[in-house]
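What the coordinates show
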Amino acid sequence: MAEHEDGLRTIDAAPDAVRRHRVLFRAVQRRRNPRLRRTDITVTDEAAVKRAVKAAALGNAMEWFDFGIYSYLAVTLGHVFFPSGNDTVQLLSSFATFAVSFLVRPVGGMVFGPMGDKIGRKQVLALTMIMMAIGTFAIGLIPSYATIGFWAPALLILFRLVQGFSTGGEYGGASTFIAEYAPDRRRGFFGSFLELGTLAGYVAAAGLVTLLTTWLGGAGMEAWGWRVPFLVGGPIGLVGLYLRLRLDETPAFQKLEDASLHRASEAASTVEITAKGDVAKIFREYWPTLVLCVCLVGAYNVADYMFLSYMPTYLSDEMGYSETHGLLILIGTMVVLMLVINRVGQLSDRVGRKPVLMTGMLGFLLLSIPSFLLVQQGSLAAVAAGMLMLGLSLVCLLGTMSAALPALFPTQVRYGSLSIGYNLSASLFGGTTPLVITALISATGSDLMPAYYTMIAALVGVISVACMKETARRPLDGSPPSVATPEEAARLVESQAPVPRF
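What comes next concerns the included structure. If you're wondering where the values come from, they're calculated on a predicted model, not measured in any experiment. (Residues numbered from 1 in each chain as written. Predicted model: local features only at pLDDT ≥ 70, side-chain atom pairs only at ≥ 80, totals over all residues. Heavy atoms only, no water.)

All right, on to the overall build of the protein chain then. Scanning the protein chain for helices and strands turns up 23 helices and two strands. Of all 502 residues assigned to the protein chain, the portion counted as buried reaches 54%. Surface summary for the protein chain: the accessible area is close to 21,100 Å², and the carbon and sulfur share equals 65%. (Helix = DSSP H or I, 4+ residues; strand = E, 2+ residues; numbered from the N terminus. Buried < 20%, exposed > 50% of the residue type's maximum accessible area, 1.4 Å probe, protein only. Areas by Shrake-Rupley, 256 points an atom, 1.4 Å probe, with all protein chains shown as cover.)

As structure tokens, then:
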């Protein structure tokens, strides 16, 4: 009886009023929190979930294939697209061009995100895929600085901006797509495939660059070999587009759309809601969650870009390894991460998102300096051990973030809010990481600057994870429960049936 009265007291009322009018308050409680019906629950189609995961992960792999190529060819692209002179200045110019695409990512997020909440996830993801493939392919066709002078870096920046604008709608849409397709109890597992695509894109980029560098040598790469990875990106993008166009819209968005149609009145149908209005609503009504998202993504992106994008350059420029040697060590580490990332996703489904994310953040906070000291030892075993320590910390974030971030926002603004929060943070902290670290090392002369920078980001991440709510095994905000089987749906309905009193 005490437990029943506690349930009624969730309504803001004095305890004595609840006791005197128990029937009335019970009716109000049922009105506010109606019991689930079988038709309220989404039973997922596993084949459809796997198709959605495959299409979203391939697009993500395409995105990171492009970013990986640019990162791993940073030194070569500096020689090809910028005037000859100081090598450090050329490298900084190359990384500045890498970072410039991140300036327009928030703009892309503000355009594509609200659009995805209005017209659907599928159409927007297909559009971003087309733009990304065009931008990548076009870079492979640009003449060098020696051929057309100033126009070479200008065209490079233009197509990097196209890539950045399209990427603004990619991660938020792809993670939302998988999260809304997956059953609640397996969202971490299916979400981890998105970041498996990230690692696959990086491994493919690093592997292709390593093979070409070994085959052609430095002179051959600067002459024409650097073009090959970018030209390969075009056909990969077309495959991703084909897979995405074959998908249906997510069940959560379909139910939201159906509910909106039922609620729409003739007067409301004449009101046009603009993307600008949607963005203003997100900043006005969801700003606390948006700030939390920016902090989480900022910490995650600094660690991500430091390890996956900057480390090959660090190993070659600061530690004196050959470019091939550094890439091979990174490829080996990433293959290990690919083998465990889905297990990390499953673990987050069992123990929760917060413990796994906290483990990753604390790993970077406590192990960054020891890891870089090991890397500086120079032996293969020491470098591999240092890289693995950083990699295992990163995989705790990679395997969990794609399920944790979409769950921060309700369905009606999920794509838009996540795209804006993710890309604001990626713009400020992610893409600038290689540039900032290179500049800090140049200014201070300390080879431990990457460790210090990552530790500061990890401290922000620890605080952010402590402030977030646990969302594992729970329905997405604004969406009905999603289960894997009809039997699970029946058990869920039965669990909410009133207990008979005798």
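What follows covers the pattern of salt bridges. When the charged atoms of two side chains lie near each other, side chains of opposite charge can form a pair. Taken as a whole, this structure holds five salt bridges when the rule is applied. Glutamate 285 is paired through a salt bridge with arginine 284; the nearest N and O atoms lie 3.9 Å apart. Residue classification places arginine 284 among the exposed positions, given a relative accessible area of 54%. (Salt bridge = Lys/Arg side-chain N within 4 Å of Asp/Glu carboxyl O.)

With that settled, consider helix α18 (residues 353-375). At leucine 367, α18 shows its maximal kink, close to 55 degrees; a proline, proline 370, follows between one and four residues later. Within α18 the residues assigned to the buried category are Arg353, Val356, Leu357, Gly360, Met361, Gly363, Phe364, Ser368, Ser371, Phe372 and Val375. (Bend = angle between axes of the 7 residues up to and from the residue.)

Turning our eyes to something else, we now look at a nonpolar patch on the surface. Residues Val336, Leu388 and Leu392 make up a contiguous nonpolar surface patch of about 200 Å² in total accessible area. Structurally, leucine 388 is set in helix α19 (residues 380-404). Classification of leucine 388 as partly exposed rests on a relative accessible area of 32%. (Patch = residues over 30% accessible without salt bridge, like charges linked within 9 Å, V, L, I, M, F, W, Y side chains within 5 Å.)

The next thing to look at is the environment of serine 192. Within the secondary structure layout, serine 192 lies in helix α12 (residues 187-225). Residues serine 192 and glutamine 346, spaced 154 residues apart in sequence, show a C-alpha to C-alpha distance of 8.4 Å. Residues contacting serine 192, with those up to four places away along its chain left out, are Ile341, Asn342, Gly345, Gly399 and Ser402. A polar contact is formed between the side chain of serine 192 and the backbone oxygen of phenylalanine 189, at a distance of 2.5 Å. (Contact = heavy atoms within 4.5 Å. Polar contact = N/O pair within 3.5 Å; in protein donor to acceptor, adjacent residues only side chain to side chain.)

Counting residues in each nonpolar core, the largest one holds 114 residues, and the members touching the most others are Tyr72, Phe81, Phe307, Met334, Leu405 and Tyr422. Considering every element that reaches this core, the biggest residue donor is helix α16 (residues 287-318), with 17 residues. Beyond its immediate stretch of four places on either side in the chain, methionine 334 contacts Tyr72, Leu199, Tyr202, Val203, Ala206 and Leu308. Membership of the second largest hydrophobic core comes to six residues, among which are Met62, Ala126, Met129 and Met132. (Core = buried A, V, L, I, M, F, W, Y, C linked by side-chain atoms within 4.5 Å.)

Using the criterion set out here, one finds 10 aromatic pairs in the structure. Ring geometry for tryptophan 226 and phenylalanine 230: centres 6.2 Å apart, planes at 70 degrees, overall edge-to-face. Exposure remark for phenylalanine 230: the relative accessible area of 0% places this residue in the buried category. (Phe/Tyr/Trp six-rings, centres within 6.5 Å; stacked < 30°, edge-to-face > 60°.)

Inspection of the secondary structure assignment puts threonine 176 in helix α11 (residues 170-181). Using a relative accessible area of 0% as the deciding quantity, one classes threonine 176 as buried. Engagement of the side chain of threonine 176 in a polar contact is seen with the backbone oxygen of glycine 172, the distance being 2.7 Å. Beyond its immediate stretch of four places on either side in the chain, threonine 176 contacts Arg121, Pro406, Arg414, Tyr415 and Leu418.

Turning to unusual backbone geometry, a few remarks are in order. A positive phi is found at arginine 473, a non-glycine position, where the angle reads about 65 degrees. Among the secondary structure elements, arginine 473 is positioned in the loop between α22 (449-467) and β2 (482-483).

What follows covers α22. Taking 1.5 Å per residue as the helical rise, α22 with its 19 residues ought to reach 27 Å, and the 28 Å between its terminal C-alpha atoms agrees with that figure. For α22, the complete set of buried residues consists of Met449, Pro450, Ala451, Tyr453, Thr454, Ala457, Ala458, Gly461, Val462, Ser464 and Val465. Contact partners of the buried residues in α22: α16, α18, α20 (414-430) and α21 (433-444). (Expected span 1.5 Å × (residues − 1).)

Position of glycine 78 relative to the elements: it lies in helix α5 (residues 74-81). Between the C-alpha atom of glycine 78 and that of glutamate 222, which follows or precedes it by 144 residues, the distance is 9.7 Å.

The next thing to look at is the packing of helix α7 (residues 105-119) against helix α8 (residues 121-139). It is the contact of α7 with α8, at a shortest axis distance of 7 Å, that shows an interaxial angle of 145 degrees. When α7 is examined against α8, the residues Phe112, Met115, Gly116, Asp117 and Ile119 are found in contact with a partner set consisting of Arg121, Gln123, Val124, Leu127, Thr128 and Met131. Considered class by class, the residues forming the contact of α7 with α8 number six nonpolar, three polar and two charged. (Axes fitted to C-alpha atoms, helices over the stretch in contact; angles between N-to-C directions. Nonpolar A, V, L, I, M, F, W, Y, C, P; charged D, E, K, R; others polar.)

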